[in-house]
Amino acid sequence: MHCLKLGPAVTSLLPGPVLSIATLTRYPVSQIRFCQTAASSQEPPLIRVPRFLQKRAENVKQTRSKIKIPTVKPGKLLIQSKNPERNQSAAYTLGKFEEALLCSKGWKHKKSFGDYFTINNTKSVAPFVPEHEDGKLKTFEKLNICKELVGVLDRINISHPTTVQLQTIPKIMKGHNVLCAAETGSGKTLSYLLPIVHKLQAARHQEGEGRIRAVVMVPSRELAQQVAAVSRTLCAPFGFRTRTVGGGRGVGNILRVFRDSNMDILVATPGALVKALRRNCLTLSELRFLVLDEADTMFDPSFSQLLEDILQHTDISSGPKDTQGLQAKAQLLVVGATFPSGVGDVLSKVTDLGSVVVIKSKMLHFLMQHVKQTFLKIRGEEKVLELNRALKMLQEEKKEGSVLVFCNKSSTVNWLGYTLEELGISHVRLQGEMPATLRSGIFHSFQKGMVNVLVCTDIASRGLDTSRVSLVVNYDFPDSHTDYIHRAGRVGRAGGAKDGEVLSFVTHPWEVELVQKIELAARRRSCLPGMETGIHEPKPKEEEP
C-alpha cells in the first residue's frame, strides 16, 4: 500500500496535515506526479508541487516582505513620536484600509512608560471662521437681526457671524425646531439667543411683558450664570429681564426667585426647574422657546427623566405654522458640541421628528486641527512632577493665558489641590461636591484672570467660556471620546488665546484603547468612532406575551 508524503511547500498551503482525495481531485492528474520507489524501500511516494502553487506561495512571501509606502514626506509633521519611524507627515493621509503603525502600540506594556507622541496643529485658524460672500465677510444685518441687537454686538466687538450662526439663525427665525451640533467654541450661544431676543421684541405688542417666554436649560450653575450674562447684555436695549435658578441652595431659594420678580427669559438647571414646576411656581403653557444647551449631557441618563418631565409640561410645536398667532406653541432648540445619543427616543414623545431641522458642522466629532495635542505615557506617581514641569515651562516661555487641569473625581481635585499648595502654585478648585456657596464665583474669578490655574472635574468642560485658556491638562485621562472632545475644546475657541495646547497623561491599560482610537482618527483625518450622527426613530417595543 502506497502512502502520500507532502513536501513543506504543499503542507503550508493546505488546511491540515493530511492530503485528502477531495483535495487531489481539484487538480488535473497531469499536474501531480508520483515518484514510486522499489517495493522493498520504506520511502513513501512524493508529490511534486504544481508550478502555479509554487508561484502563489512566492507571491505571498513577496507581498509580506514588500516595502511599505513611506508616511513621512518633506515638510511639517502631523504625528511626531519619540520613535521617528512612526512619524507621519502632514502631507500624508493614512488610507481607510491601510494598516497603521501607531505610536501608542504596545502602551499597555509596563516598558512603554516614558513614551509619548504629539498630534501637531496643521491649521492656524479655527474651522468656524465666518464665511465669505463675494470676497466680503457676511454681517448680522444679512440675517435680518434688528438694529438694536447689531449695535449691542458692535459694542462687544462682534461684527461677523460664525459659520454655525449663519446656518442656525435663519432656521430659528422661520420658526423651525432645530438641533444644532457644532464643535466647541463656534458661537452656539449667540446662535440661539440672538433670534430669541429678536422674536420676543417683534411680538412684544401682542404678548406683553413679565411672563416667561423662553427657558434655557443647562447642566450646571456656572453655565447658567454665563448664559444669563450674555442674555442680559442682549436684552438691555429692550428692558427684558433674565433670571437664573439652580440647585444646591434649597427649595427656599428657588421659591424666592419666582416670588421676587417677573422675568422674560429663565436660565435654569433641570433639577431646579422640576422642583419649581412641582410646586406650581411657574407654568410653561405660554412658553415660546425651550432651549436644551449642552444636549449630550441633557440626554444622559442622569438628566433624562428630569428632561422628560419638563417636556411633558411644554407644548412643543410640530412645525413653523404652530409658532404663529396668539395660540403659538414653543420652538424646541437643541444645541451641543457632540450629537446627543437617544435624542430620538425622547423627542418623539413631544414632537414630530421629521419637523426637526438638523444642523451639523463639517468638523463635528473631528479632532481640532488648530490645537496641538500631546499624549504622554507615565506612571501615576509621576503625574504631579510632569504637571509641575508643564506649568513652569508655561511661565518660562511667558505665554499668555490660563491653565485647566481636569480630574475624573472630586476627591482627586481636592488631593491635587493640596499638593499644588505645597508646591507653591496658586490655583482654585471646582468640583460638583462643593457647596453652592463655595462654588459661587470660583469660575468667574478664573475667567477674569484673578488666578491662572483651575483644577476641576468635567463640570467645567461643558459650554463654559474659556477664551483665556491656552493649556488643557488631562491629569486623569477622560472616560470617553465625548469627554475628550469637550475638554480639548476649552482651547482654540473663537476669539480666544492662540496656539492652544492639550497635554494628556496616560497611565492605565484601559486608557490606551481610547488613545489608539484618537491617534488612528488623526492619522486618517476622520471623525472619532462610535459617535451619533443623526436622529433615529425609536424602536417599537415588543409586546409581552
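Just above sits the structure.
Small disclaimer: the values here were computed from a predicted structure and weren't measured.

Draft legend 1. Structural view of helix α9 (residues 250-260). Within α9, the full set of buried residues consists of N253, I254, V257 and F258. The buried residues of α9 occupy an angular sector of 130° when the element is viewed end-on, so they sit on one face. In α9, the exposed positions angled more than 90 degrees off the buried face are occupied by R259 and D260. Summarising the contacts, the buried residues of α9 are in contact with β8 (242-245), β9 (265-268) and α10 (270-278).

Draft legend 2. Region of the structure containing the packing of aromatic side chains. Taken as a whole and judged by the stated rule, the model has 8 aromatic pairs. On the numbers, 6.3 Å between centres and 50° between planes, the contact of F375 with F477 is tilted. Within this pair, whereas F375 is found in strand β13 (residues 372-377), its partner F477 is found in the loop between β17 (469-474) and α18 (481-488), the two being separated by 102 residues in sequence. Pair check on accessibility: F375 and F477 agree, each one buried. Look at F443 and F446: their rings are 6.0 Å apart centre to centre, the planes differ by 50°, and that puts the pair in the tilted class. Linking F443 with F446, this pair stays in helix α17 (residues 442-447), spanning 3 residues, or about one helical turn. Like F446, F443 is buried. What links up through ring pairs into an aromatic cluster is the set W107, F117, F375, F477 and Y484. A cation over a ring is seen here: K377 above F113, with NZ or CZ 4.5 Å from the ring centre.

Draft legend 3. Looking closely at the environment of V405. Mapped onto the secondary structure, V405 falls in strand β14 (residues 402-406). Separated by 48 residues in sequence, V405 and V453 have C-alpha atoms that sit 7.4 Å apart. Aside from chain neighbours lying at most four places away, what touches V405 is L387, L416, V453, L454, V455, C456, V473 and Y475.

Draft legend 4. Expanded view of the pattern of salt bridges. Applying the stated criterion to the full structure yields 14 salt bridges. Linking K108 and E513 is a salt bridge whose minimum nitrogen-to-oxygen distance equals 2.9 Å. Here K108 is found in the loop between β2 (88-89) and β3 (116-119), whereas its partner E513 is found in helix α19 (residues 509-524), with 405 residues between them in sequence. Judged by its relative accessible area of 43%, E513 falls in the partly exposed class. In this structure, the salt-bridge partner of K383 is D476, at a minimum N-O distance of 3.0 Å. One end of the pair, K383, is in helix α14 (residues 383-396); the other, D476, is in the loop between β17 and α18, with 93 residues separating them in the sequence. Residue K383 is classed as buried on the basis of its relative accessible area, which comes to 8%.

Draft legend 5. View of unusual backbone geometry. The phi angle at N144 is positive, at roughly 65°, despite the residue not being glycine. Here N144 shows up in the loop between β5 (136-137) and α4 (147-155). On the basis of relative accessible area, N144 is assigned to the exposed category, the value being 57%. Positive phi is not limited to glycine here, since E294 has a value of about 55°. Along the chain, the position of E294 falls in the loop between β10 (289-292) and α11 (295-298).

Draft legend 6. Quick peek at the packing of α9 against α10. Put simply, α9 and α10 touch, their axes get as near as 10 Å, and they point 70° apart. On the basis of the axis angle, α9 is roughly perpendicular to α10. Here V251, I254 and F258 of α9 lie close against α10, whose contacting residues are A272, K275 and A276. Its residues assigned to classes, the contact of α9 with α10 comprises 5 nonpolar, no polar and 1 charged.

Draft legend 7. Quick look at the nonpolar core. Ranked by internal contacts, the top residues of the largest apolar core, which has 82 residues, are I119, Y192, L194, L234, F375, L454 and I518. The element that contributes the greatest number of residues to this core is helix α6 (residues 188-202), accounting for 7 residues. Sequence-distant contacts of I518, defined by excluding residues within four places in its chain, comprise I119, L367, F375, F477, H481, Y484 and L528. Of all hydrophobic cores here, the second largest spans 40 residues; its members include M217, M263, L277 and L284.

Draft legend 8. How the structure looks around α18. Within α18, 8 of the 8 residues are buried, which leaves the element mostly enclosed by the surrounding structure. Three or more residues of α18 are buried, namely H481, T482, D483, Y484, I485, H486, R487 and A488. Considering only its buried residues, α18 is in contact with α11, β13, β14, β17, β18 (501-506) and α19.

Draft legend 9. Focus on the sheet that holds β13. One open sheet holds the 9 strands; their spatial order is β2-β1-β3-β13-β18-β17-β14-β16-β15, and the pairing between them is mixed. The open sheet has two edge strands with one neighbour each: β2 and β15 (428-430). Strand direction decides the pairing type here: strand β1 (residues 77-81) and β2, joined by 2 bridges, are antiparallel. Across the sheet, L77 pairs through a bridge with S89, a residue of β2.

Draft legend 10. Structural detail: the state of the cysteines. Under the counting rule described, the total for this entry stands at 0 disulfides. Between C456, a free cysteine, and C407, which holds the nearest cysteine sulfur, the sulfur-to-sulfur gap is 7.5 Å. On the accessibility criterion, C456 (0% relative accessible area) is buried.

Draft legend 11. Focus on the pairing of β18. Among the 6 residues of β18, 5 are classified as buried, and the element is accordingly described as predominantly covered. Two strands pair when backbone bridges link them, and β13 and β18 are joined in this way by 6 bridges, in the parallel orientation. By the bridge assignment, L376 is partnered in β18 with F505. In this sheet, β18 lies alongside β17 in parallel orientation, the contact comprising 4 bridges. Opposite N474, over in β18, you have S504 as the bridge partner.

Analysis parameters
Residues numbered from 1 in each chain as written. Predicted model: local features only at pLDDT ≥ 70, side-chain atom pairs only at ≥ 80, totals over all residues. Heavy atoms only, no water. Buried < 20%, exposed > 50% of the residue type's maximum accessible area, 1.4 Å probe, protein only. Helix = DSSP H or I, 4+ residues; strand = E, 2+ residues; numbered from the N terminus. Arc of directions from axis to C-beta. Contact = heavy atoms within 4.5 Å. Phe/Tyr/Trp six-rings, centres within 6.5 Å; stacked < 30°, edge-to-face > 60°. Lys NZ or Arg CZ within 6 Å of the ring centre and 35° of its normal. Salt bridge = Lys/Arg side-chain N within 4 Å of Asp/Glu carboxyl O. Axes fitted to C-alpha atoms, helices over the stretch in contact; angles between N-to-C directions. Parallel < 35°, antiparallel > 145°, perpendicular 65-115°, else oblique. Nonpolar A, V, L, I, M, F, W, Y, C, P; charged D, E, K, R; others polar. Core = buried A, V, L, I, M, F, W, Y, C linked by side-chain atoms within 4.5 Å. Pairing = 2+ DSSP bridges. Disulfide = S-S within 2.5 Å.

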